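Residues per chain are reported as follows:
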Amino acid sequence: MEKVEKIKRLLKELTGSNLNLPIIGTVTELHKETCNMSINSDLIITDVRLKVSYGGSDNYLIIYPKIGSKVAAISVNGDLSDLMVIKIDEIDKIEINQNGLVLLLDSNDSKICIKNNSQSLLGLFQLLTDTLKDLRVFTSTGPSGPPLPETKKKLNDFETGFKSLLK
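Residues numbered from 1 in each chain as written. Predicted model: local features only at pLDDT ≥ 70, side-chain atom pairs only at ≥ 80, totals over all residues. Heavy atoms only, no water.

An account of the packing of aromatic side chains is requested, with residue identities and associated values reported.
Scanning all chains against the criterion turns up three aromatic pairs. Aromatic pair Phe-125 and Phe-158: ring centres 5.6 Å apart, planes at 70°, arrangement edge-to-face. Of the two residues, Phe-125 sits in helix H2 (residues 121-133) while Phe-158 sits in helix H3 (residues 149-165), which places them 33 residues apart along the sequence. Measuring from ring centre to ring centre gives 5.5 Å for Phe-125 and Phe-162, while their planes differ by 50°; the resulting arrangement is tilted. (Phe/Tyr/Trp six-rings, centres within 6.5 Å; stacked < 30°, edge-to-face > 60°. Helix = DSSP H or I, 4+ residues; strand = E, 2+ residues; numbered from the N terminus.)

Structure representation (structure tokens):
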């Protein structure tokens, strides 16, 4: 019971008597749909929601805060058992999933992922690059040879470029 009283006292100190004011904390851990946040050195709150509802729909937007960054959370039901992040200072990644279309912006590796249920942008660019590397055309004297060295270099540069951006 001592911990519950301490939490109540700390919340009143942080928010006054109105528990629906935002609570500022520091992110200590990230999970699929939640994070843990530290209010001060004595209090860590677990399972703070990063989206409005748990599980359920495959259509969602989640903005993941960086570990160690500040976030503002608000209580959905007036106590610590149901906090939801409403503001993020620093973004780790953003994930959008809408009817099978996925967009992921990841600051950890500075790459983006765009895909749907059947294709990814990385896969399509790789298919294009592989096709161009082996491109042969028919001429009046028969099929052409492989691409010229400067064309191969440009294709390799293109491939290196899109692989450094896409995942």
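Read on, since the account is not over.
Give me the sheet that holds strand E7 (residues 91-98): which residues, what numbers.
Taken together, the four strands give an open sheet; going across it, the order is E4-E7-E8-E9, and neighbouring strands pair in antiparallel fashion. The sheet terminates laterally at strand E4 (60-65) and strand E9 (111-115), the two strands that pair on one side only. On average, adjacent strands in this sheet sit at an angle of 5° to one another, irrespective of strand direction. In this sheet, E7 lies alongside E4 in antiparallel orientation, the contact comprising six bridges. Within E7, the residue paired with Leu-61 across the bridge is Ile-96. (Pairing = 2+ DSSP bridges. Axes fitted to C-alpha atoms, helices over the stretch in contact; angles between N-to-C directions.)

How would you explain the pattern of salt bridges if you had to name every residue and give the values?
Taken as a whole and assessed by the stated rule, the structure comprises eight salt bridges. In this structure, Lys-51 and Glu-33 form a salt bridge, with 3.4 Å as the shortest nitrogen-oxygen distance. Note that Lys-51 is positioned in the loop between strand E3 (43-49) and E4 and Glu-33 in the loop between strand E1 (23-30) and strand E2 (34-40), a separation of 18 residues in sequence. Relative accessible area serves as the criterion here: at 9%, Lys-51 is assigned to the buried category. Taking the relative accessible area as the measure of exposure, Glu-33 reaches 19% and is therefore buried. For the salt bridge of Lys-167 with Asp-109, the shortest nitrogen-to-oxygen distance reads 3.0 Å. Remark: Asp-109 occurs in the loop between strand E8 (101-106) and E9 and Lys-167 occurs in the segment after H3; sequence separation between them is 58 residues. Classification of Lys-167 as partly exposed rests on a relative accessible area of 30%. Given a relative accessible area of 34%, Asp-109 falls into the partly exposed group. Here the residues in one salt-bridge network are Asp-106, Asp-109 and Lys-167, joined through shared partners. (Salt bridge = Lys/Arg side-chain N within 4 Å of Asp/Glu carboxyl O. Buried < 20%, exposed > 50% of the residue type's maximum accessible area, 1.4 Å probe, protein only.)

Mind laying out the nonpolar core, listing which residues take part and the relevant values?
Core analysis: the biggest nonpolar cluster contains 21 residues, and Ile-23, Met-37, Ile-45, Val-48, Leu-80, Leu-83 and Val-85 have the highest contact counts within it. For this core, the secondary structure elements donating two or more residues are helix H1 (2-15), E1, E2, E3, E4, strand E5 (70-75) and strand E6 (83-88). Look past the residues within four positions of Val-48 in its chain and what remains in contact with it is Glu-33, Thr-34, Cys-35, Met-37, Ala-73, Leu-83, Met-84 and Val-85. (Core = buried A, V, L, I, M, F, W, Y, C linked by side-chain atoms within 4.5 Å. Contact = heavy atoms within 4.5 Å.)

An account of a nonpolar patch on the surface is requested, with residue identities and associated values reported.
Side chains of Leu-128, Leu-132, Leu-135, Val-137 and Phe-158 sit close together on the surface and give an oily, nonpolar patch of about 390 Å² of accessible area. A relative accessible area of 35% places Phe-158 in the partly exposed class. (Patch = residues over 30% accessible without salt bridge, like charges linked within 9 Å, V, L, I, M, F, W, Y side chains within 5 Å. Areas by Shrake-Rupley, 256 points an atom, 1.4 Å probe, with all protein chains shown as cover.)

None of the figures reported here should be taken as evidence of function without further support.
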